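# Structural characterization, general
So the chains spell out like this:
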Amino acid sequence: MITMKKLLPFAIIAIISTQCNQKPTFEAVDCDSTGQIENANVRHIFKPCREFIYSAKYWDPEYNQISNELIRVVVNGNAWGYQPESQDEITIQYVYDSTQIDFYKEYSLNPEIAHWTAETTTGIIESVDHVWMHPFRDNQYTFTEVAPFPSVNLPLEAGKSWSSGLSIYEGWGVWADSRLENSYEVVGYELVELELGNMDAWHIYGVGTATFGTSTHNYWFHPDYGFIKMVYKNYAGQLLKFELVEVNDL
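## Here's the deal with the environment of aspartate 88
Mapped onto the fold, aspartate 88 is located in strand 4 (residues 88–95). Note on aspartate 88: relative accessible area 1%, which makes it buried. For the pair aspartate 88 and asparagine 41, spaced 47 residues apart in sequence, the C-alpha to C-alpha distance is 7.6 Å. If near-sequence neighbours (up to four positions away) are discounted, aspartate 88 is found in contact with Ile37, Asn39, Asn41, Arg43, Asn78, Ala79, Trp80, Thr122, Gly123 and Ile124. Among the polar contacts listed, one links the side chain of aspartate 88 to the side chain of asparagine 41, at a separation of 3.0 Å.

Laid out in structure tokens, this is it:
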């Protein structure tokens, strides 16, 4: 069951987060709504030219807020160039205050990485039995690379579990040449309260273990809107929460 504050036809949700006084202006993204892609993705959640907007709130271990921003995802309608046989391309846009970069860096777990961007492209998978996406891992959010990625193995049921591994190579600073072992378990099907409305979704708990520490990732998956809420606790005790606040078919 979905209880929405406002539900428009064709499952287009447009509720603006109350955290911001004014919605920021995102740069235009070219997308192809025809979606002529040769891989086997089903594109029910990640439809070509669909837009997802998330709030992004980040705290230190004492729950002092480090940042409070917005992130936009647009499904481009083409295959991702690095793995076109399995992944569709998305554009991720970050709204961040460039004057705060030095402040954000004080909390970095990997100071060797100094990659700041307002926009990047990456890939997602949405097959009949697997939904997976790269995390939001730019700017102050780089530590999501060493936590369990948003991922579900379908069908879901309470108690279901699976595992995966990730080898991290050059270019990742203090995490380079390491191995991350991830375990996942479906906690259950539960009501999630969001600003855009209340949804029943699957709760998955992920644990990522490496030589430098263990990070956890609680996230909620909805069959129509994907990863609607993601809560990370990294190995230094910092907290990061992404929540879906808006969905539009452009």
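## Here we look at the layout of surface pockets
Over the atoms a probe the size of a water molecule is rolled, and this reveals where empty space is left. Reported here for the largest pocket is a volume of approximately 440 Å³. What lines the largest pocket is a set of 23 residues, and nearest its centre among them are Trp132, His134, Phe149, Gly165 and Leu166. For the lining of the largest pocket, the elements supplying multiple residues, two or more each, are strand 6 (130–133), strand 7 (151–153), strand 8 (161–168) and strand 9 (178–194). The element contributing the most residues to the lining of the largest pocket is strand 8, with six residues. Residue composition of the lining of the largest pocket, grouped by class: 10 nonpolar, 10 polar and three charged. Counted as a void, the second largest pocket has a volume near 180 Å³. In terms of lining, the second largest pocket is formed by 18 residues, of which the most central are Lys105, Ser108, Asn139, Gln140 and Thr142.

## Notes on the pairing of strand 12 (residues 226–233)
Within strand 12, six of the eight residues are buried, which leaves it mostly tucked inside the rest of the structure. Judged from the seven bridges that link them, strand 11 (residues 213–222) and strand 12 form a sheet pairing that is antiparallel. Pairing of histidine 217 across the sheet is with tyrosine 232, part of strand 12. Linking two consecutive strands that pair antiparallel, namely strand 11 and strand 12, is a turn of three residues.

## As for the pattern of salt bridges
Here the structure, examined in full by the defined rule, presents seven salt bridges. In this structure, the salt-bridge partner of arginine 43 is aspartate 88, at a minimum N-O distance of 2.7 Å. Of this pair, arginine 43 sits in the loop between strand 1 (2–4) and strand 2 (50–59) while aspartate 88 sits in strand 4, and the two are 45 residues apart along the sequence. The pair arginine 43 / aspartate 88 is uniform in exposure class, with both members buried. The shortest N-O distance in the salt bridge between glutamate 51 and arginine 72 comes to 2.7 Å. Within this pair, whereas glutamate 51 is found in strand 2, its partner arginine 72 is found in strand 3 (residues 65–79), the two being separated by 21 residues in sequence. Of the residues examined, arginine 72 reaches a relative accessible area of 8% and is grouped as buried. Bridged by salt links that share partners, the residues Lys229, Lys241 and Glu243 form one connected network.

Rules and cut-offs
- Residues numbered from 1 in each chain as written.
- Predicted model: local features only at pLDDT ≥ 70, side-chain atom pairs only at ≥ 80, totals over all residues.
- Heavy atoms only, no water.
- Helix = DSSP H or I, 4+ residues; strand = E, 2+ residues; numbered from the N terminus.
- Buried < 20%, exposed > 50% of the residue type's maximum accessible area, 1.4 Å probe, protein only.
- Contact = heavy atoms within 4.5 Å.
- Polar contact = N/O pair within 3.5 Å; in protein donor to acceptor, adjacent residues only side chain to side chain.
- 1 Å grid on protein atoms, 1.4 Å probe; cavity = no way out; pocket = protein on both sides within 12 Å on 5 of 7 lines; lining within 4 Å.
- Points joined across faces, edges and corners; volume = space filled by probe spheres on them.
- Nonpolar A, V, L, I, M, F, W, Y, C, P; charged D, E, K, R; others polar.
- Pairing = 2+ DSSP bridges.
- Salt bridge = Lys/Arg side-chain N within 4 Å of Asp/Glu carboxyl O.

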